[in-house]
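Topology and contacts: notes
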Amino acid sequence: MRRLGIPVKRKTATIKAGLSASVCWGCLCFLLVTGCIAQSQTTPKCPVAHRLTLEQVRKFLVQKEPEKRTVDLIQACNVSFSLDAPSLEQLVDAGMTEGEFNVLNPETAAGLTVDQAHVEVAGLEAYVAGPNSTLAAQRDAELQKLNAQYQTERAKAAKVPPKDPFTSTADYNAQVQRAQAAATEVDRNHETAVAQVNADYQSKLDLRNTPFLARIEFLKKSEYRVAVSATFNNYNADTQRLTATIGGEEYWFDTVPGDTARRLNENWKSVAVEQPYAEDALKTRMLRLAGTGIEVSGALHSAQIAEQLRDAQLRMDEEDYDGAATVYQAILAVDPNNQPAKVGIEKVNSQKEAQKEEAALKTQKQKTFLAGLNAAGIWLDTKTNLMWITQDSDPVDWQQASAYCKAFRGGSFPDWRLPSIGQLRGIYDPGSSAYVDRVHGFIHVTKPDPYHIMGGIKITTSTWSSNAKDGQVAYLFSFFTGGVYTDSERIHERALCVRTYQPDSDGLDAPAPVAAASTLPQISLNPENSSSAPLSDFVGTWVGTMHSATGQSFPVMIRLNEITTGDWCGTIHHPPPLDADGRLLCMKLEGGTLTVSQTITRGRERCLDGVNVLTLVDHDTMERVWIDPATGVGRDKGLLKRQKE
């Protein structure tokens, strides 16, 4: 049997193509008879010139000879017609079976050109998309019959005799309702019957279209001989690449075994050149050696190079310069004079050199940055991206420690804070020992114990953490023992400030411009100094509503006590929905304004620190503005009224 694109027929080959075995061909006839074939039960003889015409095959099918005899005949003879839509329709109407179709399908496509295949597919697709006149006529006849029956049955069901004097109104109305129900039932049955007829038509149409769809699929997946000149150029045994000139253009056939290349070269006159129904961007071609089963696929040399150049450019855009260089070098290996590849290699080298210079500059910037940190007394923990000051503060209580870190401006960074217990534990290093160089406390220590910490940080005594509970005690960490303990927020220990390292694309962390300051904020309350608003004017209980920038409102109550310098000066209460309480530390009195630091807790957790600016509007009205410590901007505002005692 002839394979697609091979000029020599293989008589004993078995064709496996076309329709699925699941396709129902029960509606087709299974016998075939021909007057042109000898009536013996042996392999049939071909007609004159060993060619089968469409009319001959159609007659065989109509006369219903056994299917095997028809299949043997088709395999033994040459088929001289194409299986286009009109031809296929004739054969289907004549009773062609699936087995006969599976043999005729490749036989009738063997001699097609690509252009002929495109014309045939267009005709088949138009046939499938259009109605089938025979099936449509059958459907229309059934629908016409249904409509006639429907009209008769509905008129009968809906008929109600006139009301006579002996029938009550209630009985007559019941008759009318029964007639209406019967008519509705007839309507419903008619709609169901019409839908079934249309569904049966579509099912029959799909079944009838099955061989046409199979033919379309077969043609689109096939390759076709092209009438072009083809020349064997050379074969590279190292790369297993065969090069041939086809139609004046060079094609590459990769991964071709040496023996295959040799046989193709020796039998070049028997090599058929084929192309797929739908060519891809690389203009693929197939070489087939008649009678051997040898076939190799290749692509247009210039198209392959163009595809590789696009790949290399994509890698350049993604800054994968090593990958781009590999592709360019692969192009130059087979095409040493390819100018775009040469230019690409130059660009790769230029970009890689620029990368080296950029990396060196970035490294130098980082070294300068780290040197500046060290000079400012700051250590960077690269494992956690935390910056630490390298010297703890003077003794302060917990509230002052928090305020100290918020006001700290080491390295000109504005966002210092107290570290958590977990962060303090993270820089504890039992393998590193240093000694306190100054002694504070009630006991004079002549031989102090060593403390253990990373980064060369100097620790004088235990260190405050940001963790607290109950609004009365806070957690401390000891770098002498590595232990965690709690103590009153009023005792004096040390603050070791921390901030998060936030590098930019250069690996640097540029600070926002801030005023230089690294000492504890001054706490100054001097009523004698203020004639416009004595401190006593602030004492009392104040209630009101705060308003946030986002439009939220929440109640607040502030109670200010008799105040002494540096002491707690009052309390703050937020009823639900905030449901939080806190303590106030008065920071500074200037005229009619009192600056207050706050610590607020919800349950056992600290939820909001910050600074309040309280300004007297009159004796019974006070404005409160809460300053966001992260930005220094007033965020929440409101008026409070003095509550009568």
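Residues numbered from 1 in each chain as written. Predicted model: local features only at pLDDT ≥ 70, side-chain atom pairs only at ≥ 80, totals over all residues. Heavy atoms only, no water.

A short note on the sheet that holds strand S9 (residues 294-300)
Two pairing modes exist for strands in a sheet, parallel and antiparallel, and in both the strands are linked by backbone hydrogen bonds. The cut-off we apply is this: Pairing between strands is defined by DSSP: at least two bridges between the two strands are required. Where helices and strands are cited, they refer to DSSP runs of H or I of at least four residues and of E of at least two residues respectively, numbered from the N terminus. Only the stretch in contact is used when a helix axis is fitted, and all axes are lines through C-alpha atoms; the angle between N-to-C directions ranges over 0 to 180 degrees.
Spatially, S3-S7-S8-S9-S6-S5-S4 is the arrangement adopted by the 7 strands of the open sheet, whose pairing is antiparallel. The sheet terminates laterally at strand S3 (223-225) and strand S4 (230-236), the two strands that pair on one side only. In this sheet, adjacent strand axes meet at a mean angle of 35 degrees when their direction is disregarded.

A short note on the environment of Arg-154
How we decide: Accessibility here uses a 1.4 Å probe with only protein chains present; expressed as a share of the type maximum, an area under 20% marks a residue as buried, one over 50% as exposed, and anything in between as partly exposed. In this description, contact between two residues means that some pair of their heavy atoms is separated by no more than 4.5 Å.
For Arg-154, the location among the structural elements is in helix H6 (residues 133-158). The class of Arg-154 is partly exposed, set by a relative accessible area of 30%. Residues Arg-154 and Ala-183, 29 residues apart in the sequence, show an inter-C-alpha distance of 5.5 Å. For Arg-154, the contacting residues outside a window of four places in its chain are Ala-183, Val-186 and Asp-187.

Re the sheet that holds strand S14 (residues 463-469)
Read from one edge of the open sheet, 3 strands run S14-S15-S16, paired in antiparallel fashion. The two strands at the open ends of the sheet, each matched to only one other strand, are S14 and strand S16 (484-488). Pairwise comparison of adjacent strand axes, ignoring direction, gives a mean angle of 40 degrees for this sheet. Alignment of S14 against strand S15 (residues 473-477), held across 4 bridges, turns out to be antiparallel. In the sheet register, Trp-464 faces S15, and the bridge partner there is Leu-476. In the packing of helix H12 (residues 398-407) onto the sheet, the strands contacted are S14 and S15, and the crossing angle to S14 comes to about 110 degrees.

Remarks on the side chain of Arg-215
The test is simple: Counted as a polar contact is a pair of N or O atoms within 3.5 Å, where, for protein atoms, one must be capable of donating a hydrogen and the other of accepting one, and residues adjacent in sequence contribute only when both atoms are in side chains.
Along the chain, Arg-215 turns up in helix H7 (residues 169-221). Of the residues examined, Arg-215 reaches a relative accessible area of 0% and is grouped as buried. Side-chain polar atoms of Arg-215 contact the side chain of Asn-105, separated by 2.6 Å. Ignoring anything within four residues of it in the chain, the contact list for Arg-215 reads Ser-82, Leu-83, Leu-88, Phe-101, Asn-105, Thr-108, Ala-109, Leu-112, Glu-120 and Leu-124.

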